[in-house]
Amino acid sequence: RVQLTDQDVEGSFTAQSHMTGFIDILAIPITFAPVELTGGMDGGTPSASEWVGVDTAGSETGLYLFNDTKDIRFLCAPGQTDTTVQRALVDYCESHSTKGNCKAILDEPLANDLVDEAVAFRNITMQRNTPFATLLYPWLYIDHPNVVNATLQMPPSPFYMGLASKAANTVGIRQSPAGTTHGKISSNVRGLTRNIGDTEHSLLEEAGIVPIRFENVYGYCFKSSRTMWSVYDGYQYWPTQAMYNYLAATLENLGKLYEQLPNSEDTRSQLQTSVSSLMSALHSNKEFYPE
């Protein structure tokens, strides 16, 4: 039995035990106001090589810290548009867990304020053609948190990652983070570093770049479901690749239930039943629509 009493006006309290042989517990401060940390050291800006890191067993750094984490689905480095880093993100997602179970979400360089520059970055500079990545354009202006009537330039990748997670959890894997419902960006966005018209939209989508546009009533939205894949086999769209990623990871985890069991007809039957149950559940949830 523990009795709690106010200790002071700051909201701290003392918990005192009434059980024989126990001593008083020290006051536990309860602080609701923001506390500024002091005495720390921010360090310098990470270099491209530090973002990428080294793939040395037991001493991994950078991207390779995710080697033992097979459950990541989206990977981005917000605002980091160095070509070396961008390519490394793509390459890592293509080979992660040897299955390619995650997708890189990339930002166009802020300096690319023309659509032609954005397309050239995609087609010439990146030198990657992959369904395991999505490239976003342009950057956003948001309210400055500390300065009245001021804005900050923000990369779009963290907004896209949040919407992708929300869409997958609320609708399903088949839903891309796009459109006026599932692609609508938060209300604190105040503008774009480049406004896009219909012709420019077509150029961006043809190049496999997801454009951000302003829609009356709805606000700023991601307006495409494209990946950085130029082959029209279905994987040029986000939902197809997302389903592939999900199935690859889920089937791998499911198979672990049977990996040390006897290689018998009964074991194979159990595995078949588990896989059939998974696929039936996805079909019932219309994840394979259109059939």
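Below is a summary of the structure that appears in this document. (Residues numbered from 1 in each chain as written. Predicted model: local features only at pLDDT ≥ 70, side-chain atom pairs only at ≥ 80, totals over all residues. Heavy atoms only, no water.)

## Points about the packing of helix 7 (residues 238-255) against helix 8 (residues 265-284)
Here comes step 1: For the pair helix 7 and helix 8, interaxial distance at closest approach is 11 Å and the crossing angle is 150 degrees. Considering the angle they form, helix 7 stands roughly antiparallel to helix 8. At the point where helix 7 passes helix 8, the crossing takes the right-handed sense. Contacts between helix 7 and helix 8 involve Met243, Tyr246, Leu247, Thr250, Leu251 and Leu254 on the former and, on the latter, Leu271, Ser274, Val275, Leu278, Met279 and Leu282. (Axes fitted to C-alpha atoms, helices over the stretch in contact; angles between N-to-C directions. Helix = DSSP H or I, 4+ residues; strand = E, 2+ residues; numbered from the N terminus. Parallel < 35°, antiparallel > 145°, perpendicular 65-115°, else oblique. Left-handed = near helix turned anticlockwise from the far one by under 90°. Contact = heavy atoms within 4.5 Å.)

## Observations concerning the sheet that holds strand 3 (residues 74-75)
Here comes step 1: One open sheet holds the five strands; their spatial order is 3-4-5-9-10, and the pairing between them is mixed. The sheet is open, and its two edges are formed by strand 3 and strand 10 (219-222), each paired on a single side.
Here comes step 2: Pairing geometry for strand 9 (residues 209-215) and strand 10, over four bridges, is antiparallel. The partner of Phe214 across the bridge, within strand 10, is Tyr220.
Here comes step 3: The strands touched by helix 7 within the sheet are strand 3, strand 4 (103-107) and strand 5 (133-137), with strand 4 carrying the most contacts at an inclination of about 140 degrees. (Pairing = 2+ DSSP bridges.)

## Some points on the sheet that holds strand 6 (residues 140-143)
Here comes step 1: Read from one edge of the open sheet, three strands run 7-6-8, paired in antiparallel fashion. Edge positions in the sheet fall to strand 7 (151-154) and strand 8 (189-192), since each of these pairs with one other strand and no more. The average undirected angle you get between the axes of adjacent strands in this sheet is 30 degrees.
Here comes step 2: In the sheet, strand 6 pairs with strand 7 via four bridges, with the strands oriented antiparallel. If you follow Leu140 over to strand 7, its bridge partner there is Met154.

## Things to note about helix 7
Given 3.6 residues per turn, any residue in an α-helix points the same way as the ones three and four places further on.
Here comes step 1: Spanning 18 residues, helix 7 covers 26 Å between terminal C-alpha atoms, matching the ideal 26 Å at 1.5 Å per step.
Here comes step 2: Along helix 7, the residues that are buried comprise Trp238, Gln241, Ala242, Met243, Asn245, Leu247, Ala248, Ala249, Thr250, Glu252 and Leu254.
Here comes step 3: Buried residues along helix 7 sit in contact with strand 3, strand 4, strand 5, helix 4 (157-170) and helix 8. (Expected span 1.5 Å × (residues − 1). Buried < 20%, exposed > 50% of the residue type's maximum accessible area, 1.4 Å probe, protein only.)

## Observations regarding the nonpolar core
Soluble globular proteins tend to pack their nonpolar side chains together in the buried interior.
Here comes step 1: Core analysis: the biggest nonpolar cluster contains 27 residues, and Leu89, Ala104, Leu106, Tyr137, Leu204 and Ile209 have the highest contact counts within it.
Here comes step 2: By residue number, the principal contributor to this core is helix 2 (residues 83-95), which donates six residues.
Here comes step 3: Apart from residues no more than four positions distant in its own chain, Leu106 is found in contact with Gln86, Leu89, Val90, Met126, Ala133, Thr134, Leu135, Leu136 and Met228.
Here comes step 4: One finds Leu192, Val210, Ile212 and Tyr220 within the second-largest nonpolar core, a separate group that totals 23 residues. (Core = buried A, V, L, I, M, F, W, Y, C linked by side-chain atoms within 4.5 Å.)

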